[in-house]
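Topology and contacts: notes
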Amino acid sequence: MAGYQLAHPLYLDVQMMVSFLAYLEGGVYVSSEETLQKEKIRGGKAVGDKKINLPSLGALLGIEASLNVEASGHTGETAETKVARHHTAASLFNGLYGFLHDDEAIISLEGPEQLTNVKPGEFVKIAGRYTGNPLEEMLAIFSQIMAYMEEMSQGVEGVHSQRSTGRRSGNPQTREAAKSQEDHSWTETARQFRQFEQSIEMRILRKMKEELESSPIHDVVLETASGVKAVLTVASEYYDESVAEKLSSGDFVVLGKITRVLQEGESINLSRRTVIGKMADESEPFFNAIASIPGISLQSSDPVVSYPAVQILPMAIFV
């Protein structure tokens, strides 16, 4: 059985990783070069110096070669090949992770009973189900639903416009048919949607979505099987929609430094990076506004993470 484990980081704070490596190794080498020599002797006539032309693939791999022939009773051929090996961010992470693991420098955080023994600044590893940011996901779903509602309202309004035109028709049969036509089944929903679209709650929710998307830091959550929640403060530089999609609803491992350990009664509000999140209890009406939209049913919009929980500055989220 292999004595190593290969980790694939989906989120990786390259700046943090390289700074740790540079300290531990006295610098970081992202590439290395080795020379391979092969020599062959054969009888023959002196023919001078020659060069070997490598195929294009060799150039892509950073390989160079030459052939030297010396004049004597025998001809000596020496082929020299230089191979450049380049590290990737993932390979550097695997090297650092392996070193920290072998050196027992990582605390494996598994249950709530460990929270009394860990403190900010310690390197921890925690595994669990990635749940993302419920607030951000709710607002994203909300925006999608609002787009559908807009299409539906336009359709209902189109039917009403045709009905109104029919009532003004010079044809008595057309007028009578228009008068007897029943309201569209979504008429009331469309009316309420238009009212909500112009509301202050709607404008604030849109502004909140913009603030979360433009923030340099995102708060996302991972929950262990034992119920411990980890609020991960990920950098937007390394966290985009592609990373979020890959992490969605999966089980992953997080390696990072603890920045806060919640005590009983304490909590973290995932909307804290918005103006509304700083309004405490006054923000509740705005979160409840989504649930009040006719025809829409969403899961809990509660953005609060409570004890038992920790806050972690992650270096990597990997599988």
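Residues numbered from 1 in each chain as written. Predicted model: local features only at pLDDT ≥ 70, side-chain atom pairs only at ≥ 80, totals over all residues. Heavy atoms only, no water.

Examining the overall build of the protein chain
- For the protein chain, the helix and strand inventory stands at 9 helices and 12 strands.
- Classification of the 319 residues of the protein chain by burial places 36% in the buried group.
- A fraction of 74% describes how many contacts in the protein chain between residues 6 or more apart in sequence connect residues 24 or more apart.
- Only carbon and sulfur atoms are counted for the fraction: they give 51% of the accessible area of the protein chain, which is about 19,200 Å². (Helix = DSSP H or I, 4+ residues; strand = E, 2+ residues; numbered from the N terminus. Buried < 20%, exposed > 50% of the residue type's maximum accessible area, 1.4 Å probe, protein only. Contact = heavy atoms within 4.5 Å. Areas by Shrake-Rupley, 256 points an atom, 1.4 Å probe, with all protein chains shown as cover.)

Structural notes on the pattern of salt bridges
- Inspection of the entire model under this criterion finds 6 salt bridges.
- In this structure, Glu213 and Lys209 form a salt bridge, with 2.5 Å as the shortest nitrogen-oxygen distance. You can see Glu213 and its partner Lys209 sitting in helix α7 (residues 200–214), 4 residues apart, about one turn around the helix.
- Between Arg273 and Asp219 there is a salt bridge, and its shortest N-O distance comes to 3.0 Å. Linking Arg273 in the loop between β10 (267–269) and α9 (284–291) with Asp219 in strand β7 (residues 217–223), this pair joins segments that are 54 residues apart in sequence.
- Owing to a relative accessible area of 1%, Asp219 belongs among the buried residues under this scheme.
- Shared partners join several salt bridges into a network, and the residues in it are Asp219, Arg272 and Arg273. (Salt bridge = Lys/Arg side-chain N within 4 Å of Asp/Glu carboxyl O.)

Topic: the pairing of strand β6 (residues 123–132)
- Pairing of strand β5 (residues 107–108) with β6, which is carried by 2 bridges, proceeds in the parallel orientation. The residue bridging Ile107 from the neighbouring strand is Val124, located in β6.
- Both β6 and β7 contribute to a ladder of 3 bridges, which runs antiparallel. When the sheet's bridge partners are listed, Gly132 is paired in β7 with Val221. (Pairing = 2+ DSSP bridges.)

Here's the deal with the side chain of Ser153
- Residue placement: Ser153 occurs in helix α4 (residues 134–167).
- A relative accessible area of 0% places Ser153 in the buried class.

Some remarks on the confidence of the model for the protein chain
- In the predicted model, the protein chain carries a mean pLDDT of 77, and 66% of its residues have values of at least 70.
- Scored below 50 in pLDDT, residues 44–71 makes 43 contacts in the model with residues more than four places away or belonging to other chains. (pLDDT = per-residue confidence, 0-100.)

Here we look at the packing of helix α1 (residues 14–25) against helix α3 (residues 89–102)
- Here α1 crosses α3 at 55°, and the two axes come no closer than 10 Å. Classified by the angle between their axes, α1 and α3 sit oblique to one another. Taken as a pair, α1 and α3 cross one another with a handedness that is left-handed. Contact with α1, carried on its side by Val14, Met17, Phe20, Leu21 and Leu24, involves Ala89, Leu92, Phe93, Leu96 and Phe99 of α3 and no other residues of that element.
- Residue classes in the contact of α1 with α3 are distributed as 10 nonpolar, no polar and no charged. (Axes fitted to C-alpha atoms, helices over the stretch in contact; angles between N-to-C directions. Parallel < 35°, antiparallel > 145°, perpendicular 65-115°, else oblique. Left-handed = near helix turned anticlockwise from the far one by under 90°. Nonpolar A, V, L, I, M, F, W, Y, C, P; charged D, E, K, R; others polar.)

A word on unusual backbone geometry
- Following Tyr307, the chain continues into Pro308 via a peptide bond in cis, with omega recorded as 0°.
- Looking at where Pro308 falls in the secondary structure, it is placed in the loop between β11 (304–306) and β12 (309–318).
- Residue Glu104 is not a glycine yet carries a positive backbone phi of 55°.
- Note on placement: Glu104 falls in the loop between α3 and β5.
- Judged by relative accessible area, which is 71%, Glu104 ranks as exposed.
- The backbone of Ser249 sits at a positive phi, close to 55°, despite the residue not being glycine.
- Positionally, Ser249 belongs in the loop between α8 (241–247) and β9 (251–261).
- Among the residues examined, Ser249 registers a relative accessible area of 58% and is labelled exposed.

Looking at a nonpolar patch on the surface
- A cluster of nonpolar side chains, contributed by Tyr23, Leu24 and Phe99, occupies part of the molecular surface with about 350 Å² of accessible area.
- The topology assignment puts Tyr23 in helix α1.
- Its relative accessible area of 70% is what places Tyr23 among the exposed residues. (Patch = residues over 30% accessible without salt bridge, like charges linked within 9 Å, V, L, I, M, F, W, Y side chains within 5 Å.)

Looking at the nonpolar core
- Formed by 26 residues in total, the largest nonpolar core has its most connected members in Tyr11, Ile126, Leu232, Tyr239, Leu247, Ile312 and Ile317.
- Once residues within four sequence positions are removed from consideration, Ile312 is found in contact with Val124, Ile126, Ala230, Val231, Leu232, Thr233, Val254, Gly256, Lys257, Ile258 and Thr259. (Core = buried A, V, L, I, M, F, W, Y, C linked by side-chain atoms within 4.5 Å.)

Topic: the packing of aromatic side chains
- Using the criterion set out here, one finds 5 aromatic pairs in the structure.
- With 5.8 Å between their ring centres and 5° between their planes, Phe93 and Tyr97 make a pair best called stacked. On the criterion of helical spacing, the pair formed by Phe93 and Tyr97 is a turn pair, its members being 4 residues apart in helix α3.
- Given a relative accessible area of 8%, Tyr97 falls into the buried group.
- Taken together, Phe93, Tyr97 and Phe318 form an aromatic cluster joined through their ring pairs. (Phe/Tyr/Trp six-rings, centres within 6.5 Å; stacked < 30°, edge-to-face > 60°.)

Quick word on the side chain of Glu211
- By secondary structure assignment, the location of Glu211 is in helix α7.
- Buried and without a salt bridge, Glu211 has Lys207 as its closest oppositely charged side chain, separated by 5.5 Å.
- When residues no more than four places from it in sequence are discounted, the contact partners of Glu211 are Arg273, Thr274 and Val275. (Lys, Arg positive; Asp, Glu negative; His and termini not counted.)

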